Amino acid sequence: MTTKLLPSRSGNLGIFELNNSATLNSLDLDMVRSINHVLPQWQSDATLRATLMIGRATLMIGRPGAKRPCFCAGGDVKTVYMSGKGLSGSQADEEAARTNQHGYGHRGLLTADFFREEYQMNHTLATQDHDNMPQVSIWDGVVMGGGVGLSLHGKYRVCTENTLFAKPETAIGLFPDVGGMWWLSRMKGGLGNYIALTGHRLKADDVLYAGLATHFVPSEKLEELKSALIAATISGDDLKGGDCVASTLMSFHDESDVNKNESFLAKNRAEIDQAFDGKEQKVEDILASLETMAACGSTFASKSLDTLSKMSPSSLKVTQEGIRRGSELPNIGEVLKMEYRMSQTFIKNHDFYEGIRAVLVDKDQNPKWIPDNLDNVTDQIVGSYFDDLGEHELELVPVKKMSKM
């Protein structure tokens, strides 16, 4: 077990606290494995009534003693980068890099194990019996990448005035994974495509408007909320079943200081839908719409074009195709299997390593994408990201359903 993930039980509430302050609570493989070890046990415990996912506040550099709230900044993709480059110190990683074996789903390589085990965790969270054991996640601070996968598949997501939500993967040569192809494809209008392709950072009013967050609670009341949730799990008949935290969450829910209809997404919704709506349209169609809108004076369109011009062309086109395919798949499990194929092809190719180098290693913010334009990302190239992995396909392990008498 790792101290970067602290599982505990209080009353009949199972609590996961992310405690990886050096990387803004980013998920590494040890943390994923800890959740995968503990969560099935909790889900099989008929006395446990709910689960809570929280992040420990992280220290602020240059300000001794000062802390900032943080849920989870994503998955530890820098370590995956080091593995794929053969720089992790592992002989297996080094040999795989030398012989081009990364990106085929081989067990024992971090480039495969991390995504496979993270997606198993996402599936276990998503298929939890939320009618009888709801998951509550507290989005106080940064919620990005893998942190979204930790929480969005649960029943309740509580945002605060500190919430900063994004799926920024197209900027690092990857795609919005951890089940993103499931929920992004099911958002109304052009919201899913916009969030997926641009990685736009959303605040509390935006995530409430989009339906990503279910409640708003001021951060000053979070400790009180936690105590109330614990109390709710031990009141009455512990074996009764049902959702024991819904009324507690509503009693703390307070949007009086948040106007979601004045959020960025709300104010730009018409233009978002005009440019980004449509599961069958291509990235080129979106850009053409934005160019027409920009020519007519749209500031939103001009800024969106500038943002998209910086993203990996391969990531943009593969993400859009993943959203299209994800919209047609019947359940989250099938989507995660598709995403695993996508993840491994990204691991084989240039842009993931170049994106991580530019953003997280050298930090020059100047990636050199290959291909460097959409025209050269052919349909054949896009299709290759969805190729079957044969014996290395993702196999999801079902968790025994809880039995509440």
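Details of the structure are given in the entry above.
For the structure given in this document, a descriptive report is provided here.

Reading the values: rules and limits
Going along each chain's sequence as written, the residues are numbered from 1 onward. Local features are withheld for residues below a pLDDT of 70 in this predicted model, meaning they are given only at 70 or higher, and side-chain atom pairs are given and counted only at 80 or more; totals for whole chains, interfaces and linings count all residues. Only heavy atoms go into the side-chain values, all of them from the structure, while hydrogens and water stay out. In these notes, a set of buried Ala, Val, Leu, Ile, Met, Phe, Trp, Tyr and Cys residues joined through side-chain atoms within 4.5 Å is what counts as a nonpolar core. Categorising residues by exposure relies on relative accessible area from a 1.4 Å probe, with only protein chains included: less than 20% of the type maximum marks a residue as buried, more than 50% marks it as exposed, and the intermediate range marks it as partly exposed. Here a helix means four or more residues in a row that DSSP labels H or I, a strand means two or more in a row labelled E, and each is numbered from the N terminus. When a carboxyl oxygen of Asp or Glu is within 4 Å of a side-chain nitrogen of Lys or Arg, the pair counts as a salt bridge. Whether two residues are in contact is decided by their heavy atoms: any pair within 4.5 Å suffices. Note on pairing: two strands pair once DSSP finds at least 2 bridges between them. Clockwise travel from the first strand over the helix to the second, with the strands pointing away from the viewer, marks a crossover as right-handed. Note on geometry: axes are C-alpha line fits, over the in-contact stretch for helices, and angles between N-to-C directions span 0 to 180 degrees.

Quick word on the nonpolar core
It is characteristic of soluble globular proteins that their nonpolar side chains tend to be buried jointly. Counting 91 residues, the largest nonpolar core has Trp139, Leu150, Phe165, Leu212, Phe276, Leu290 and Phe352 as its most contacted members. Ranked by residue count, the leading element in this core is helix α16 (residues 332-348), at 8 residues. Ala50, Leu52, Val217 and Val245 belong to the second-largest nonpolar core, a separate cluster that totals 18 residues.

Observations regarding the pattern of salt bridges
Within this structure, the stated rule accounts for 19 salt bridges. With a closest N to O distance of 2.5 Å, Asp113 and Arg116 form a salt bridge. With a gap of 3 residues between them, Asp113 and Arg116 both fall in helix α4 (residues 110-126), about one helical turn apart. What makes Arg116 buried here is its relative accessible area of 8%.

Let's talk about the environment of Arg56
Of note, Arg56 is situated in the loop between β3 (50-55) and β4 (58-59). Arg56 sits 14 residues away from Cys70 along the chain, and the two C-alpha atoms are 6.5 Å apart. When residues no more than four places from it in sequence are discounted, the contact partners of Arg56 are Leu6, Glu17, Leu18, Asn19, Asn25 and Cys70.

Some details on the pairing of β3
Within a regular strand, the side chains alternate between the two sheet faces. Counting buried positions along β3 yields 5 of 6 residues, so the element is predominantly enclosed. Where strand β2 (residues 13-18) lies against β3, 6 bridges are found, and the strand directions are parallel. The residue of β3 that forms the bridge with Leu18 is Gly55. For the handedness criterion, the β-α-β arrangement of β2, helix α1 (residues 29-43) and β3 is classed as right-handed. For β3 and strand β7 (residues 135-139), the ladder comprises 3 bridges, and the chain directions are parallel. Bridge pairing in β7 places Thr51 opposite Gln135.

Notes on the sheet that holds strand β8 (residues 142-144)
Reading across the sheet, the 3 strands line up as β6-β8-β10 and stay open at both edges, with parallel pairing between neighbours. Edge positions in the sheet fall to β6 (70-72) and β10 (164-166), since each has one partner strand and no second. The sheet shows a mean angle of 10° between the axes of neighbouring strands, direction not considered. Here β8 pairs with β10 via 3 bridges, running parallel. What sits directly across from Val143, in β10, is Phe165.

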